[in-house]
Structures are given as structure tokens and as C-alpha cells.
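Below are the chains, spelled out letter by letter.
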Amino acid sequence: MTDLLTPPVRSTHTPLATEQEAREVAEAAREKVWEAPSFVRELFEGSFRLDLVHPYPQPDPADLERAKPFMERLERFMRERVDSDKIDREGKVPADIVKGLAEIGAFGIKIPVEYGGLGLSQYSYTHAIGLVTSQDGNLTALLSAAQSIGVPTPLKLFGTPAQKKKYLPRLAKGAVSAFALTENHVGSDPAGLTTTATLSEDGKTYILNGEKLWCTNGTIAELMVVMARTGPKKITAFIVETNWPGVEVVQRLHFMGLKALENGIIRFSNVRVPVENVLWGEGKGLKLALITLNTGRLTLPASAVAGAKRCLEVARRWASERVQWGAPIGKHDAIAQKIGRMAADTFAMEAVSDLASLMADRGGTDIRLEAAMAKMWNTEIGWRIVDDTLQIKGGRGYETADSLRSRGERPDAVERMMRDYRINLIFEGSSEIMRLFIAREAVDTHLKLAGDLIDPKAPMGKKIQALLRSGAYYAYWYPKLWLATGIIPRYGEFGALATHIRFVARCCRRLARTLFHCMVRFGPKLEKRQAVLGRLVEIGAELLAITAACSKALAMAKQDPSNPGPVQLADLFSRHARRRVEERFAAVFDNEDVRTYAVAQQVLKGEHSWMETGMVGSNGDETA
């Protein structure tokens with residue numbers, strides 16, 4: 001027992017996992033079974049399952065009715081009590097704001113009513129978070145980290161009745177929670193996890209030791225989900241109470257944006273965690289994290305929509321009022337092009353975000369790829385919209401809201417928005433990791449069929465079986481991707497948008513063929529050609545967005561035939577998206593990827609360090 005009570009040695013030279021070890025850990029955590037259909041997965045296999053997303057899903061009227069009083073309270077609270085520029089300036093969310101959010105139920109939006117929560121849907125939750133985001137990204141981070149990836153969601157999904165009864169009421173009342181996975185050498189690759197949880201001799205507690213980095217809400221959390229290694233190949237999730245002995249906030253961290261983000265380094269020194277605080281089961285931690293993120297990361301697409309809408313409002317007002325060269329700047333083509341694209345893209349972003357949330361509420365489909373694509377695509381498109389907004393406002397976009405206010409101008413917080421927004425491309429799976437995650441799932445069927453053919457470790461018997469199996473499959477599947485051209489439905493119900501839906505139907509087969517051609521051409525090296533895979537994923541994201549935008553526009557047109565706006569925006573967006581799709585198809589095999597990679601390796605070796613002359617010497621090594 002004494003060895004368990006010895007403070008852990010914190011080496012600064014933690015051995016990193018090998019590439020093979022990292023791959024094995026990631027594969028073990030994957031959801032390998034597709035029990036329900038997925039629109040995006042079918043796209044990559046050449047099947048256009050429009051029925052999975054059309055007619056565009058509609059929110060439950062009863063849920064909207066239940067959500068309405070809360071949404072009104074939340075909007076009033078944000079408008080009357082939250083000074084977002086002050087929060088940004090002082091780098092702290094006041095305690096009375098946190099308490100006020102708890103009092104109106106903002107920490108228990110999706111927690112069931114029987115546990116004291118509001119019991120609202122994913123759709124209502126993302127719209128509530130979007131409402132907050134339209135004013136303050138710091139409060140979005142606080143509420144989202146507490147609910148999307150913090151304790152409530154995994155507890156709802158995997159907790160025991162006793163765990164739910166013990167913790168959900170506390171969380172619904174406003175107990176702040178956090179999620180602790182990241183370590184100094186562990187980001188998107190969890191194989192190097194060093195935090196350990198060792199079962200005590202009496203079998204009643206685990207002894208938790210380790211240190212977590214970038215734990216959002218960690219500096220103020222009452223509860224957190226902590227990932228720890230419980231064996232050589234086992235990572236387990238624990239519910240940890242931060243007032244237990246041995247839980248220490250080492251320091252609060254500070255960032256470019258989200259100045260009030262309560263993010264820090266959390267240390268666990270011989271923390272005794274009761275065995276009943278294991279979530280789901282020993283060794284299921286990473287799978288729990290991935291499943292939680294299927295809906296957890298939907299907050300970010302919705303937040304991106306809210307940010308884009310705020311940008312559109314700011315740009316519209318400014319471009320209508322600001323006169324240069326004898327006309328409002330919105331009349332000048334250079335600015336009008338940005339605003340037109342901004343409006344169309346914002347409509348498509350909302351269509352994608354709402355589609356994913358409504359599919360999560362409806363059930364019957366597997367949304368892991370839809371959620372990942374919504375997160376990747378919305379945050380990237382939204383970043384361009386924020387950038388364009390700053391450009392449209394010029395110096396006033398770069399100037400802080402406080403400075404604008406001090407001289408009597410409208411204090412549009414574009415500068416703060418840009419700082420706060422940028423993290424969205426990194427939070428909860430960076431854009432690069434999302435591309436790899438989606439690409440891995442896109443080739444899943446092919447790997448199951450023919451994986452042994454390209455696996456150098458597979459015995460000859462398995463290779464022969466894979467050859468026979470894949471030969472029978474591809475003999476039917478591949479010709480079908482070419483011969484289906486003459487039997488495509490015309491999609492007449494979409495009216496003027498039908499041409500875009502037909503484009504998606506054609507392109508999904510082209511996407512499947514191109515993916516297959518890449519596998520044949522690159523073989524086992526395809527996984528290293530991340531730029532190629534990224535283009536294929538981007539094509540899939542654009543096809544999802546076109547479909548969502550057109551389907552949503554049709555639904556809105558049926559509800560209000562007098563408003564041509566949705567169809568106009570969906571049409572414009574689809575035209576732009578189709579150009580991007582064609583560009584990416586053209587670049588799959590015609591690109592400079594190999595040359596670019598070679599130069600990058602030369603840079604890493606210092607062969608181009610001559611480019612780094614003429615600068616003031618860096619003091620980075622001194623502060624490391």
C-alpha cells in the first residue's frame with residue numbers, strides 16, 4: 001500500500017507512444033459497428049440517401065414550447081446583466097453571472113426533468129448556446145464545457161442509476177463540470193496518456209496520479225470526468241470531485257482570446273476515487289469520449305452560426321451607412337461580393353448545424369460523421385466570415401469595442417470576436433484531426449473488405465480470402481458507380497434547386513470512385529497522403545452542405561411561400577459550393593503535395609534556416 005501513497009515522479013522526458021501503439025489505441029476506441037445508417041457514410045460509398053435528411057427534419061413543437069420561457073429568460077439575462085466587454089477586459093466571469101445562469105437553469109438544459117434539469121432537446125440546447133455566443137464567447141465556453149463534454153452528457157449516456165441520482169441534481173443546479181483528457185504529450189493522440197489510476201489493495205478505491213493540461217472549467221469546476229490509464233492498454237473514465245484531497249489547480253492558463261476562460265493545469269496526487277465513480281466500465285474511457293463528442297461537438301457548429309449571424313448584422317449595417325467614393329461601400333462590388341457570399345454561407349451553416357442537431361434528436365441515424373463534418377466545415381467557413389467582417393469594417397474592425405465606445409462610435413466587438421472565434425478550429429478536434437477521423441470512417445468498408453491485401457503483416461491465407469471477398473464485392477459495386485447515370489431521379493419537388501440536388505447525386509458516385517482510385521493508386525501509403533484525403537473529406541462536406549441548404553430552403557418555402565429568400569440563398573450557396581467541389585476533384589491527383597512535403601522536411605532539418613536571418617534573436621528557449 002505504501003508505494004501507492006508515494007508522490008508520482010514527474011519526468012520531463014515522458015516516452016512517447018510509437019506510431020503503431022498510437023494507431024492501436026485509436027482503433028480500439030473507434031465505434032466499429034454501424035447499427036444505424038449515416039448520410040455521410042453513404043455518400044462516400046456512392047449512395048445518395050436523400051431520404052435520411054429530406055424532408056428536412058422539424059423540431060418537436062412540444063419541446064419548442066417548453067424551451068420558449070427559458071430562451072426568453074436567457075435572452076433577457078444576457079441583454080440586461082452581462083457586460084461582455086468588461087468580462088473580456090478583466091478576464092473573469094463575475095460570480096454573480098455564474099450564479100444567475102445557474103438560477104435560470106442554464107447549466108441543466110439537457111438534464112432530464114426528474115433530476116432537476118430543463119429536459120430540453122439537442123436542438124433547443126444548441127440554439128440556447130447560439131444565443132449566448134451571439135454576445136459572449138466566454139460564457140459559451142463556460143456552459144458548453146460544463147454540458148457538452150463535461151460530466152452531464154457522459155453521465156446521462158453511461159452512468160449507473162446511482163451515479164445519476166447522486167450527481168445530475170447537483171449539475172442541474174449549477175455545479176460547474178469539466179473534462180480532463182489532454183496532457184503535455186497527449187492531444188488528439190491519447191496513446192501517450194500518463195495519468196494513472198491504480199486499484200487499491202482492498203479493491204474499494206483507485207489511486208489517481210497525473211497532471212492534465214488545458215482543462216476548460218478546471219479552475220472552477222466542482223466535478224470533472226478524468227481519463228486515466230488503468231492498465232497497459234486500458235484508459236478509464238472517472239467522475240472526480242475537485243474538493244477531494246490531492247486535487248490541485250496548479251495554475252490558470254491564458255490565451256489569445258476568451259480572456260475569461262477558466263482553463264488550467266490540474267494535478268492529481270494520490271487522489272482516492274471510489275470504484276463506484278468509474279463511468280461505464282474499466283477500459284472504456286476513450287470510447288466514452290468519442291461517443292460523447294458525437295453530440296458534444298455540435299455546440300461548435302451552432303456557435304459558428306451565431307457568430308456568422310452577428311457578423312452579417314454588423315457588415316450589413318456598416319456597408320449600408322459607410323459612404324466612400326460617392327456611394328455606400330456595400331454598393332461597391334468588392335464589398336458586395338463578400339456580403340453576398342457571407343449571407344449564403346450563413347444560411348448553409350445553419351442548415352448543416354440544425355440538421356445535425358435534429359437528426360440527433362430524431363434518432364434512427366448514426367451522426368458521428370455528420371457531427372464531425374458540421375464541426376469542421378462550419379468553424380472554417382465561419383472563420384472566413386469573421387475575417388471578411390473585420391476587412392469590411394476596416395480600422396473600426398481592428399479597434400477594440402472600448403476604444404470605439406470612448407469616442408462615441410457603435411462598439412461592435414469585431415476585434416474581440418476574431419480573438420474569441422479562432423479557437424473553434426481547434427476545440428474538440430482540430431480541423432486536421434476531423435479530416436483524418438472522417439477519412440478513416442470513409443474507407444472503413446474498403447478496409448474491412450480488402451485491408452488484409454495491403455497489410456504487410458497479414459498471412460497469405462488472409463490475403464487470399466480478402467482477394468476473393470473484395471473481388472466479388474467490387475465486381476458489382478464499381479460498375480454500378482458508372483452505370484447509374486441514366487436512372488437518376490429528377491428531384492422535381494426542389495424546383496429551381498433540383499439541379500443542385502442532381503449535382504450531389506452525381507458527385508457522390510464520383511466521390512466513391514475517386515476514393516477507390518486513390519486506394520488503388522496509393523495503396524497502404526494513402527493514410528500518409530493526408531492532403532489527398534483532406535480534399536475528399538472537403539468534397540463530402542460541401543455535398544452535405546448543399547443537400548442541407550436545399551432541403552431546408554424547400555421546407556421554409558413551403559411554410560412561407562411569400563419569402564423567396566431561403567431559395568435564393570440556397571441557390572447562391574450551392575453555386576459557389578459546386579465550384580469548390582470541382583476544384584477539389586481536379587486537385588486530388590493534380591497537385592504539388594509531394595514537392596510541398598519535401599520542402600517541409602527540408603525546413604525541419606534546418607536546410608532553409610538561411611530564411612530566418614534578419615530578425616531579433618528569439619528568447620523562446622530561455623522561457624521554455
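Residues numbered from 1 in each chain as written. Predicted model: local features only at pLDDT ≥ 70, side-chain atom pairs only at ≥ 80, totals over all residues. Heavy atoms only, no water.

> Help me understand the packing of aromatic side chains in this model?
Two aromatic rings, taken as a pair, are described by how far apart their centres are and by the angle between their planes. Per the counting criterion, the structure on display carries 14 aromatic pairs. Geometrically, the ring pair formed by Phe-39 and Phe-48 is edge-to-face, given 6.0 Å between the ring centres and 65° between the ring planes. When its relative accessible area of 0% is taken as the criterion, Phe-39 is described as buried. Taken together, a centroid distance of 5.8 Å and an interplanar angle of 70° make the contact between Trp-477 and Phe-516 edge-to-face. Here Trp-477 is found in helix α19 (residues 460-483), whereas its partner Phe-516 is found in helix α20 (residues 498-522), with 39 residues between them in sequence. In this pair, the class of Trp-477 matches that of Phe-516, namely buried. (Phe/Tyr/Trp six-rings, centres within 6.5 Å; stacked < 30°, edge-to-face > 60°. Buried < 20%, exposed > 50% of the residue type's maximum accessible area, 1.4 Å probe, protein only. Helix = DSSP H or I, 4+ residues; strand = E, 2+ residues; numbered from the N terminus.)

> Would you mind going over helix α18 (residues 444-454) with me for this structure?
An α-helical turn contains 3.6 residues, so any two residues separated by three or four positions project in the same direction. Within the span of α18, buried status applies to Asp-444, Thr-445, His-446, Leu-449, Ala-450 and Gly-451. Taken together, the buried residues of α18 touch α2 (39-44), α17 (431-442), α19 and α20. (Contact = heavy atoms within 4.5 Å.)

> Where do I start with unusual backbone geometry in this structure?
Residue His-54 is joined to Pro-55 through a cis peptide bond whose omega torsion reads 0°. One can find Pro-55 in the loop between α2 and α3 (61-81). In this structure, Asn-217 is a non-glycine residue whose phi angle is positive, near 75°. By the secondary structure assignment, Asn-217 is in the loop between β3 (205-216) and β4 (223-231). Here the phi dihedral of Leu-258 falls at roughly 45°; this positive angle occurs in a residue that is not glycine. Mapped onto the fold, Leu-258 is located in the loop between β6 (247-252) and β7 (263-274). The exposure class assigned to Leu-258 is buried, which follows from its relative accessible area of 6%.

> Please explain the environment of Gly-218 as it appears in this structure.
Mapping Gly-218 onto the fold places it in the loop between β3 and β4. Placed 44 residues apart in sequence, Gly-218 and Glu-262 show a C-alpha to C-alpha distance of 6.6 Å. Excluding residues within four positions of it along the chain, Gly-218 makes contact with Ala-178, Met-224, Val-249, Glu-262 and Ile-266.

> How should I be thinking about the packing of helix α11 (residues 299-321) against helix α13 (residues 368-393) in this particular structure?
For any two helices packed against each other, one specifies the inter-axial angle together with the distance between the axes. Close contact between α11 and α13 brings their axes to 9 Å; oriented N to C, the two are set at 20°. When the axes of α11 and α13 are compared, the pair comes out roughly parallel. Along this stretch, α11 crosses α13, giving a crossing that reads as left-handed. Residues Leu-300, Pro-301, Ala-304, Val-305, Ala-308, Cys-311, Val-314, Ala-315 and Trp-318 of α11 form the contact with α13, whose participating residues are Ala-374, Lys-375, Asn-378, Thr-379, Ile-385, Val-386, Thr-389, Ile-392 and Lys-393. (Axes fitted to C-alpha atoms, helices over the stretch in contact; angles between N-to-C directions. Parallel < 35°, antiparallel > 145°, perpendicular 65-115°, else oblique. Left-handed = near helix turned anticlockwise from the far one by under 90°.)

> Hey, could you run me through the packing of α19 against α20 in this one?
Between α19 and α20, whose axes approach to 9 Å, the crossing angle comes to 130°. When the axes of α19 and α20 are compared, the pair comes out oblique. The handedness of the crossing between α19 and α20 comes out as left-handed. In contact with Tyr-474, Trp-477, Tyr-478, Lys-480, Leu-481 and Trp-482 of α19, α20 contributes Arg-509, Ala-512, Arg-513, Phe-516 and His-517.

> Sorry if this is basic, but what is going on with helix α21 (residues 530-559) here?
A rise of 1.5 Å per residue sets the reference length of α21, with its 30 residues, at 44 Å; its end C-alpha atoms lie 43 Å apart and thus fit the reference within 8%. Counting buried positions over the 30 residues of α21 gives 24, a clear majority of the element. (Expected span 1.5 Å × (residues − 1).)

> Sorry if this is basic, but what is going on with the pairing of strand β5 (residues 234-241) here?
Moving residue by residue along a regular strand, the side chains alternate between the two faces of the sheet. Within β5, 7 of the 8 residues are buried, which leaves the element mostly enclosed by the surrounding structure. Bridge analysis of β4 against β5 gives 8 bridges, and the strand direction is antiparallel. What sits directly across from Arg-229, in β5, is Ile-235. Counted along the chain from β4 to the antiparallel partner β5, the turn is 2 residues long. (Pairing = 2+ DSSP bridges.)

> Help me out: how do you make sense of the side chain of Lys-375 in this one?
Here Lys-375 shows up in helix α13. At 7.5 Å, Glu-428 is the nearest oppositely charged side chain to Lys-375, a buried residue that forms no salt bridge. Among the polar contacts made by the side chain of Lys-375, one reaches the main-chain carbonyl oxygen of Phe-427 at a distance of 3.1 Å. Within the local environment of Lys-375, its side chain forms a polar contact with the backbone oxygen of Gly-429, the two atoms lying 2.6 Å apart. Discounting residues that sit within four places of it in the chain, Lys-375 has contacts with Arg-297, Leu-300, Pro-301, Asn-424, Leu-425, Ile-426, Phe-427, Glu-428, Gly-429, Ser-430, Ser-431 and Met-434. (Lys, Arg positive; Asp, Glu negative; His and termini not counted. Salt bridge = Lys/Arg side-chain N within 4 Å of Asp/Glu carboxyl O. Polar contact = N/O pair within 3.5 Å; in protein donor to acceptor, adjacent residues only side chain to side chain.)

> For this particular structure, what's the right way to read the environment of Glu-370?
Looking at the element boundaries, Glu-370 is found in helix α13. When near neighbours in sequence (up to four residues on either side) are disregarded, Glu-370 contacts Ser-38, Phe-39, Val-40 and Met-359.

> It is not clear to me how a nonpolar patch on the surface should be interpreted in this structure. Could you clarify?
Taken together, the side chains of Leu-453, Ile-454 and Leu-467 present a nonpolar region at the surface, about 230 Å² in accessible area. Topologically, Ile-454 is positioned in helix α18. The exposure class of Ile-454 is partly exposed, given its relative accessible area of 32%. (Patch = residues over 30% accessible without salt bridge, like charges linked within 9 Å, V, L, I, M, F, W, Y side chains within 5 Å. Areas by Shrake-Rupley, 256 points an atom, 1.4 Å probe, with all protein chains shown as cover.)

> Even after reading the chapter, I still don't get the nonpolar core, so can you show me in this structure?
Soluble globular proteins tend to bury their nonpolar side chains together. Core analysis: the biggest nonpolar cluster contains 95 residues, and Phe-48, Trp-377, Phe-494, Leu-543 and Phe-573 have the highest contact counts within it. At 16 residues, α21 tops the list of elements feeding residues into this core. Look past the residues within four positions of Phe-573 in its chain and what remains in contact with it is Ala-344, Asp-345, Ala-348, Trp-377, Glu-542, Ala-545, Ile-546, Ala-549 and Arg-580. Counting 45 residues, the second-largest nonpolar core is a separate cluster that includes Val-186, Val-278, Ala-289 and Ile-291. (Core = buried A, V, L, I, M, F, W, Y, C linked by side-chain atoms within 4.5 Å.)

> Can you help me understand the environment of Ala-541 in this one?
Mapped onto the fold, Ala-541 is located in helix α21. For Ala-541, a relative accessible area of 2% translates into the label buried. Remark: the alpha-carbon pair of Ala-541 and Ala-577, spanning 36 residues in sequence, is separated by 9.8 Å. Setting aside anything within four residues of it in sequence, one finds Ala-541 in contact with Met-373, Met-376 and Trp-377.

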